[in-house]
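Architecture at a glance
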Amino acid sequence: MSEKACRNCRLIVNTNLCPECKTASSSEEWVGEAIILDPKNSLIAKSMGITKPGRYALRVR
Amino acid sequence: MSDKKNIEPIIFAVKTTAGQEKNAAEMIAIKARMNKLPIASILAPENLRGYIFVEAPGPHVVEEATSDVKHVKSRVPGRVQFSDIEKYLTTKPIIEELDVGYIVEITGGPFKGMRARITRINKVKQEATIELLEAIFTLPITVHADYLKLIEKASKEVKEETGK
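Residues numbered from 1 in each chain as written. Chains lettered and ligands numbered in written order. Predicted model: local features only at pLDDT ≥ 70, side-chain atom pairs only at ≥ 80, totals over all residues. Heavy atoms only, no water.

Some remarks on the interface of chain A and chain B
With 21 residues of chain A at the contact, the number on the chain B side is 27 residues. Note on chain A versus chain B: buried area summed over both sides is about 2,200 Å², and carbon and sulfur give 57% of it. Of all residues in chain A, Leu37, Ile44 and Arg59 of chain A bury the most surface against chain B, accounting for 29% of the area lost on that side. There are two salt bridges connecting chain A and chain B. Across the salt bridge formed by Arg59 of chain A and Glu46 of chain B, the nearest N and O atoms sit 3.5 Å from each other. Where chain A touches chain B, the interface holds nine residue pairs in polar contact (both at pLDDT 80 or more). Among the elements of the structure, β4 (30-36), α1 (43-48) and β5 (54-60) of chain A are those that each provide at least two residues to the side of chain A that touches chain B. (Contact = heavy atoms within 4.5 Å. Buried area = accessible area lost by both parts, 1.4 Å probe. Salt bridge = Lys/Arg side-chain N within 4 Å of Asp/Glu carboxyl O. Polar contact = N/O pair within 3.5 Å; in protein donor to acceptor, adjacent residues only side chain to side chain. Helix = DSSP H or I, 4+ residues; strand = E, 2+ residues; numbered from the N terminus.)

Focus on the confidence of the model for chain A
Per-residue confidence for chain A gives a mean pLDDT of 87; residues scoring 70 or more make up 98%. Mean pLDDT in chain A bottoms out at strand β3 (residues 26-27) of chain A, which sits at 83, and peaks at β4 of chain A, which reaches 90. (pLDDT = per-residue confidence, 0-100.)

Focus on the domain arrangement of chain B
Interface size is commonly expressed as the accessible surface area that is lost when the partners come together. With domains assigned, chain B is organised as domain 1 (7-89) and domain 2 (94-162). Averaged C-alpha coordinates put domain 1 of chain B and domain 2 of chain B at centres separated by 34 Å. (Domains from an automatic or database assignment.)

Quick word on the sheet that holds strand β3 (residues 51-56) of chain B
The strand order across the open sheet formed by six strands is β5(A)-β4(A)-β2(B)-β3(B)-β1(B)-β4(B), and the pairing between neighbours is antiparallel. Bordering the open sheet on either side are β5 of chain A together with β4 (72-75) of chain B, each of which pairs with just one other strand. Strand-to-strand, the axes of this sheet are offset by a mean angle of 25°, without reference to chain direction. In terms of strand pairing, strand β2 (residues 41-44) of chain B meets β3 of chain B through three bridges, oriented antiparallel. Residue pairing across strands places Leu43 of chain B opposite Phe53 of chain B, the latter belonging to β3 of chain B. (Pairing = 2+ DSSP bridges. Axes fitted to C-alpha atoms, helices over the stretch in contact; angles between N-to-C directions.)

Overview of helix α2 (residues 59-66) of chain B
Residues and elements named next belong to chain B. Turning to α2, its buried residues number three or more, namely Val61, Val62, Ala65 and Thr66. Considered in projection along α2, the buried side chains sweep an arc of 120° and stay on one side of the axis. Phi for Asp68, located one or two positions after α2, is positive at around 60°. (Buried < 20%, exposed > 50% of the residue type's maximum accessible area, 1.4 Å probe, protein only. Arc of directions from axis to C-beta.)

Notes on the pairing of strand β6 (residues 115-122) of chain B
All names here are of chain B. Pairing geometry for strand β5 (residues 103-106) and β6, over three bridges, is antiparallel. By the bridge assignment for β6, Glu105 is matched with Arg115. Here six bridges tie β6 to strand β7 (residues 127-132), and the two strands are oriented antiparallel to one another. Looking at β7, one finds that Ile121 is bridged to Ala128. Counting the residues in the hairpin turn of β6 and β7 gives four residues, including Gln126, whose phi is positive at 60°.

Notes on the environment of Ala45 of chain A
Residue and element names in this part refer to chain A. Tracing the backbone shows Ala45 in helix α1. A residue is classified by how much of its surface remains accessible, and Ala45, at 0% relative accessible area, is buried. Distance from Ala45 to Tyr56, taken between C-alpha atoms, is 9.8 Å for residues 11 residues apart in sequence. Sequence-distant contacts of Ala45, that is, excluding residues within four places in its chain, are made with Ile36, Pro39 and Ile50.

Details of the side chain of Glu21 of chain B
All names here are of chain B. With respect to the element layout, Glu21 can be found in helix α1 (residues 21-34). It is Arg49 that comes nearest to the buried, bridge-free Glu21 among opposite-charge side chains, at 5.4 Å. At 2.6 Å, the side chain of Glu21 and the backbone nitrogen of Gly50 are in polar contact. Those residues in contact with Glu21 that lie beyond four places of it in its chain are Thr16, Ala44, Leu48, Arg49, Gly50, Tyr51 and Ile52. (Lys, Arg positive; Asp, Glu negative; His and termini not counted.)

Considerations on the sheet that holds strand β1 (residues 4-6) of chain A
All names here are of chain A. With respect to topology, three strands assemble into an open sheet ordered β2-β1-β3, the strand pairing being antiparallel. Each edge of the sheet is formed by a strand with only one pairing partner; in this case those strands are β2 (12-13) and β3. As judged from the two bridges shared by β1 and β3, these two strands associate in the antiparallel manner. By the bridge assignment for β3, Ala5 is matched with Ser27.

Structure (structure tokens):
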């Protein structure tokens with residue numbers, strides 16, 4: 001099963017249901033990737049509004 | 001004296017094999033987690049081939065995380081300003097970049113990979129009507145702007161022709 005990205009929080013997941021925001025709105029069409037390891041010390045995470053570590057898509061169609 | 005260290009993250013650019021940016025980023029992230037390296041984030045933008053960005057407290061951390069990692073070529077000397085990578089994070093609608101007469105490439109659906117010229121734009125619906133350049137006869141198709149990638153902006157002559 002190909003990886004999907006949640007349209008709501010942009011988290012990259014393998015299932016239809018997003019484990020983070022609990023919505024079933026995921027898309028296979030996503031581009032760009034940001035891997036957040038330490039959201040507290042990351043400028044990129046702050047700019048994207050991410051508070052939890054994980055893999056996030058930059059754009060979800 | 002306070003023991004609390006205020007580590008300000010710095011962004012570094014890392015050269016990778018073109019087309020393998022995501023794989024390289026994931027392998028660096030795995031190595032950083034395994035060796036408990038203080039890497040804050042790794043960014044692999046869609047429209048920047050052969051480069052990724054690593055956010056870390058210093059260049060030595062990036063060197064350690066990227067050494068002996070497949071698809072990683074080298075670290076680019078110097079630091080990258082956050083303002084330079086901000087454009088990759090903000091998701092500006094693609095329709096804003098497009099206009100009548102522009103040459104685009106279709107990135108999804110049955111016409112994927114084909115080039116076309118924009119004949120009409122509907123910014124409200126985020127749709128564009130295009131004419132395929134490779135088609136023998138004129139076939140107008142309306143597609144969502146998300147499935148289009150800008151290749152070439154229209155010259156003044158083309159704009160005037162389409163404007164008439």
